Amino acid sequence: MAGLTTRPGTTTGPGTGDELSPHDAGPLRDTDSGGGRGGAGAGASARGIAPLREGDSAREGFQGTRGSAGRRGAVDPVKALMHRHRELCERAVDPLEIAAGLEAHGVTDRTAARLRHRDVFSLAEEMYARAARDGEAAPRTEPPGRPGPRAYWAALALVPGVLGAAVVAGLRLTGGQARPAAAAFGALAVASGLYLAFRRGPLSTSHRTTGAARVGICWLIAYALAGDGLLSAARDGGPHGPWPLAAAPVLALLLACAPAAWCAHLFAARARRRLSASRGLEEFATSVRPLLLGAFGLFTVGLYGLLALCGTVLDEPPAYAGAGALGALVLLARLLTARGFTRVPGRALAGAGAVEATALAMVFAARLPGCSFLAAPVDSLVEAAGAGAVPALACGAGALVLLVQATRTLTRASAHAPLREGP
């Protein structure tokens, strides 16, 4: 096999077949020009290696490789791959983690076929077994990616909604000078509740959240609370005093933290089962994509139900379009961030916040002499669909971008390797 046989000057005899030159220890990637499994099998047959039959085991495939080589100086290609990914093999707690790591490094099913394995999963099982046998792996522990006891993180997911309901009730019962103090205390309490809710569970992450994402999410929540009222007041020449706040959509979003965590757990658990049952990367991606869309749809239905409930109880407009788009955007951003994809979610959140801020700035800038034309786009949009069209358009576009990104990245095996929770 090209790139895996020894070069002149490298001596390997019986019993020393695991010796590797620096070239042999290089990465194994899919470089065949043929497409699909057929191309891989045909390439293997052309080199005198019969492709692995469906009934063969991973160990038999490996033994066949070494036994059929039959010539002095053959290098063990699986050993070369293990040498290249030594750290992955040492910390792996099961073969699925090795399969996910190989897929993340560009090893495909066609690469595995050249090594006489049906797919990457079979190759990972071989590497895991050999690492444990050779004593190259660290002592196995419980998989660190488990989100912890379900009752624990499920209870924490309820905290933001409970605190939000208490704050809304407190603001409605207070007045005068005590009202600003109650609002400030409530904001700190809700922020603490959100921190606790995302500290553990399926939406927790050990990856650092970007500054753009933090600023974006803070602005988006603030706009959901006060943005529509401020925009309407600005278009009427104000504000001339306090403008109305939208408590119903914000309360619904806080209550939606619980269904978001439960839907994320459902998706992660089902994807993990599919990873165990799948026998190819393409098969896994095809089976996981409906799970992702189903979990996203289930959360959306729950969010709209909470919006209707909060709007009825508080006797306020539920802001279905704007709050629904914001909830979808935040869920997808958190799903991607929890699995290490932080750049695109951060840009999507920051972009949505920038669109909302720009719309407000254009309305206020139109008051300058000769600048009335600046407010024309916002006025046309608001007159056609109401003030809620601005956040709906901004957050909806960001959610669509993240949904496309999620269907491309969260359907990979590498996205479902055991995750370590944040500190």
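So, how was this worked out
Residues numbered from 1 in each chain as written. Predicted model: local features only at pLDDT ≥ 70, side-chain atom pairs only at ≥ 80, totals over all residues. Heavy atoms only, no water. Helix = DSSP H or I, 4+ residues; strand = E, 2+ residues; numbered from the N terminus. Contact = heavy atoms within 4.5 Å. Areas by Shrake-Rupley, 256 points an atom, 1.4 Å probe, with all protein chains shown as cover. pLDDT = per-residue confidence, 0-100. Salt bridge = Lys/Arg side-chain N within 4 Å of Asp/Glu carboxyl O. Buried < 20%, exposed > 50% of the residue type's maximum accessible area, 1.4 Å probe, protein only. Phe/Tyr/Trp six-rings, centres within 6.5 Å; stacked < 30°, edge-to-face > 60°. Core = buried A, V, L, I, M, F, W, Y, C linked by side-chain atoms within 4.5 Å. Axes fitted to C-alpha atoms, helices over the stretch in contact; angles between N-to-C directions. Nonpolar A, V, L, I, M, F, W, Y, C, P; charged D, E, K, R; others polar.

Engineer: With reference to specific residues and values, describe the overall build of the protein chain.
Structural biologist: The number of helices and strands found in the protein chain is 17 helices and 0 strands. Contacts in the protein chain between residues far apart in sequence, at least 24 positions, make up 78% of those at least 6 positions apart. For the protein chain, the exposed area adds up to about 20,300 Å²; of that, 62% sits on carbon and sulfur atoms.

Engineer: Explain the confidence of the model for the protein chain to me, and be specific about the residues and the numbers.
Structural biologist: Here the protein chain shows a mean pLDDT of 75. Residues at 70 or above account for 74%. The model gives residues 419–423 a pLDDT under 50, and that stretch makes 22 contacts with residues more than four places away or in other chains.

Engineer: Residue-level account of the pattern of salt bridges, with values.
Structural biologist: The final tally for this structure, using the stated rule, is 3 salt bridges. As a salt-bridge pair, R235 and D379 come within 2.8 Å of each other at their nearest N and O atoms. Taken as a pair, R235 in helix 10 (residues 211–235) and D379 in helix 16 (residues 376–385) lie far apart in primary sequence, 144 residues in all. For R235, a relative accessible area of 29% translates into the label partly exposed. For D379, a relative accessible area of 23% puts it in the partly exposed group.

Engineer: A description of the packing of aromatic side chains should follow, citing residues and the corresponding values.
Structural biologist: One pass over the full model with this rule turns up 2 aromatic pairs. Plain terms: the ring middles of W219 and Y223 are 6.3 Å apart, the flat faces sit at 45 degrees to each other, and that makes the pair tilted. Remark: Y223 and W219 occur in helix 10; sequence separation between them is 4 residues, near one turn of the helix. The exposure class assigned to W219 is partly exposed, which follows from its relative accessible area of 33%.

Engineer: Quick one: what's the story with the nonpolar core, residue by residue and with numbers?
Structural biologist: Ranked by internal contacts, the top residues of the largest apolar core, which has 76 residues, are I98, L102, L123, M127, L329 and L410. With 13 residues, helix 13 (residues 281–314) is the largest single contributor of residues to this core. Beyond its immediate sequence surroundings of up to four residues, L329 is in contact with L220, A348, L349, A352, C395, G398, A399 and L402. Within the second largest apolar cluster, 11 residues are counted, among which are A359, L360, V363 and V378.

Engineer: Got a sec to walk through the environment of L400? Specific residues and values, please.
Structural biologist: Summarising the element assignment, L400 is placed in helix 17 (residues 389–409). The exposure class assigned to L400 is exposed, which follows from its relative accessible area of 55%. Counting along the chain gives 75 residues from L400 to A325, while the straight-line C-alpha distance between them is 9.4 Å.

Engineer: Please provide a residue-by-residue account of the packing of helix 10 against helix 11 (residues 247–255), values included.
Structural biologist: Helix-helix packing: each pair is described by the crossing angle between the helix axes and the interaxial distance. Running from N to C, helix 10 and helix 11 cross one another at 145 degrees; their axes reach a closest spacing of 7 Å. Where helix 10 abuts helix 11, its residues I221, A224 and L225 lie against A247, P249 and V250. A breakdown of the residues in the contact of helix 10 with helix 11 according to their chemical character gives 6 nonpolar, no polar and no charged.

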